[in-house]
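Residue-level structural notes
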Amino acid sequence: MSQGPRSGLYAVSSALLAMSRHLEVRDVLKTIVASARELLDAQYAALGVPDDHGGFAQFVVDGVSDAQWKAIGPLPRQHGILAAMLHEARPERLADVRKDPRFEGWPAAHPDMSDFLGLPIRDGDEVIGALFLANKNRTKENKENQEDCSAPDGGCGFTEDDQELLTILAQHAAIALTNARLYERSRELTIAEERSRLAHELHDAVSQKLFSLRLTAQAAAALVDRDPARAKGELHQVAMLAAEATEELRAAVIELRPAALDEDGLVATLRTQIQVLDRAHSAHVTFAGHGVRALPAAQEEAVLRVAQEALHNALRHSGAGRVDVTLEKRGTGTVLRVSDDGTGFEPTAIRAAGRHLGLVSMRDRSSGVGGTLSVESAPGKGTTIEMEVPGG
């Protein structure tokens, strides 16, 4: 097999293990592409997942900078060599892709590519993706000894051994991608079930509150003339019930929002939710994000849930006048920090009394994605909750 920097069984094993560590489709795609490029020692690698409209539902590249990718423009369509791999479901190994009659050019900002190796990724009879590499790196010695690039054996580019290796990788990529799709589908079903449960609980909780509110308001109306003092007490109860119903609605709305993560990302979702909370509460709630890039989906959801729980505690239990939320890059990790100037508490006393204020749930969410959670608080000193997860 080709003598790249990581050839042999160890390199193959490392690539397969890397693919098996991820469950999110996007993470799996990125790992497949990075593993293929490193394994075959190529300058560029890409993987496209086709849609049903002649384009790509997802397209992941490796070896192209963010600035280059942005300058290239819209995702490619299914044409030329890509279409051949997808529709004819066969490998393509070319000494110079630019000389192939199917080549249709590329955008001005696209990097120049010559030697090319591409394979379809298949799940049974279905082609679920196209994996390709371009511009195999060659040592000075290889360059001096290379033959004509148009030679049928691809002497100056990818070899038959490279194609065989990529075929093995593509077979395992199909398994990893299929598993990731099944996982995401399972998670979607779980989310749907959770939303159904929340809707049922919301209906029960709010219905009960509104029923009590109505009865109490009727009692207050009946007492206004003959017992104003008692009527005033009943009206006070009405105000309390209305406030509780509002809190139930706020909590339910926040619980139903994580779908925004897929569309907007963690930073934008947090900023939007905190703006809503700032308008809905008397406390001043702020958010600042510094240098955080996208995290794996499971980590983003865990960070969002911890932030929501911490905000709920601060706004409902602490009597805080100000709550500050920050999300920032720290070393090789990402840190969420929620601080309030509320009444605070003694953490050991809370644990001893069995009242955790959601701390157990937050710790479980943090550890579940490889993160840590710390809590600093004291009576009269406010509370700071900090969660750190790897990556970002």
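Right above here is the structure, for reference.
Quick caveat, the model's predicted, so the values are computed rather than measured. (Residues numbered from 1 in each chain as written. Predicted model: local features only at pLDDT ≥ 70, side-chain atom pairs only at ≥ 80, totals over all residues. Heavy atoms only, no water.)

Time to look at the sheet that holds strand β8 (residues 333-340). Across the sheet, five strands lie side by side as β6-β7-β8-β10-β9; this open sheet has mixed pairing. Since the sheet does not close on itself, it has two edges, and those belong to β6 (284-290) and β9 (372-377), each with one partner. Across the sheet, the mean angle separating the axes of adjacent strands is 10° when strand polarity is ignored. Two elements, β6 and strand β7 (residues 322-330), share seven bridges in a ladder whose sense is parallel. Across the sheet, residue H284 finds its bridge partner in β7, namely R322. The sheet contacts of helix α11 (residues 359-368) involve β9 and β10 (383-390), and relative to β9 the element is tilted by about 150°. (Pairing = 2+ DSSP bridges. Helix = DSSP H or I, 4+ residues; strand = E, 2+ residues; numbered from the N terminus. Axes fitted to C-alpha atoms, helices over the stretch in contact; angles between N-to-C directions. Contact = heavy atoms within 4.5 Å.)

Under the defined criterion, the tally for this structure stands at five aromatic pairs. Look at F59 and W69: their rings are 6.0 Å apart centre to centre, the planes differ by 5°, and that puts the pair in the stacked class. Within this pair, whereas F59 is found in strand β2 (residues 56-62), its partner W69 is found in helix α3 (residues 66-72), the two being separated by 10 residues in sequence. Owing to a relative accessible area of 8%, F59 belongs among the buried residues under this scheme. Here W69 falls in the partly exposed class, since its relative accessible area comes to 27%. Summarising the aromatic geometry, the rings of F116 and F132 are spaced 5.5 Å apart at their centres and angled 25° between planes, so their arrangement reads as stacked. You can see F116 sitting in strand β4 (residues 116-123) and its partner F132 sitting in strand β5 (residues 126-136), a full 16 residues away along the chain. F132 matches F116 in its accessibility class, with the two residues each being buried. Among the aromatic residues, those joined into a ring-pair cluster are F56, F59, W69, F116 and F132. (Phe/Tyr/Trp six-rings, centres within 6.5 Å; stacked < 30°, edge-to-face > 60°. Buried < 20%, exposed > 50% of the residue type's maximum accessible area, 1.4 Å probe, protein only.)

What follows is about the pairing of strand β1 (residues 42-50). Of all nine residues making up β1, seven are buried, and the element is well covered by its neighbours. As judged from the six bridges shared by β1 and β5, these two strands associate in the antiparallel manner. Residue pairing for β5: Y44 is matched across the bridge by A134. Examined bridge by bridge, β1 and β2 share six bridges and lie antiparallel to one another. Residue pairing in the sheet places P50 in a bridge with F56 of β2. Where β1 hands over to β2, the hairpin turn is made up of five residues, of which G54 adopts a positive phi near 85°.

Most of β5 is tucked away: 10 of the 11 residues are buried. Across eight bridges, β4 lies against β5 in antiparallel orientation. Bridge pairing links R122 to V127 in β5. The hairpin formed by β4 and β5 contains two residues between the paired strands, and G124 there has a positive phi angle of roughly 70°.

A few words on the environment of E244. With respect to the helices and strands, the residue E244 is situated in helix α7 (residues 228-255). A relative accessible area of 32% places E244 in the partly exposed class. Considering only alpha carbons, one finds E244 and L210, 34 residues apart in sequence, at a separation of 9.9 Å.

The phi dihedral of A89 falls on the positive side, at around 55°, and the residue is not glycine. Here A89 lies in the loop between α4 (80-88) and β3 (92-94). For A89, a relative accessible area of 23% translates into the label partly exposed. Unlike most non-glycine residues, N135 shows phi in positive territory, near 60°. Residue placement: N135 occurs in strand β5. Accessibility expressed as a relative area gives 10% for N135, which makes it buried.

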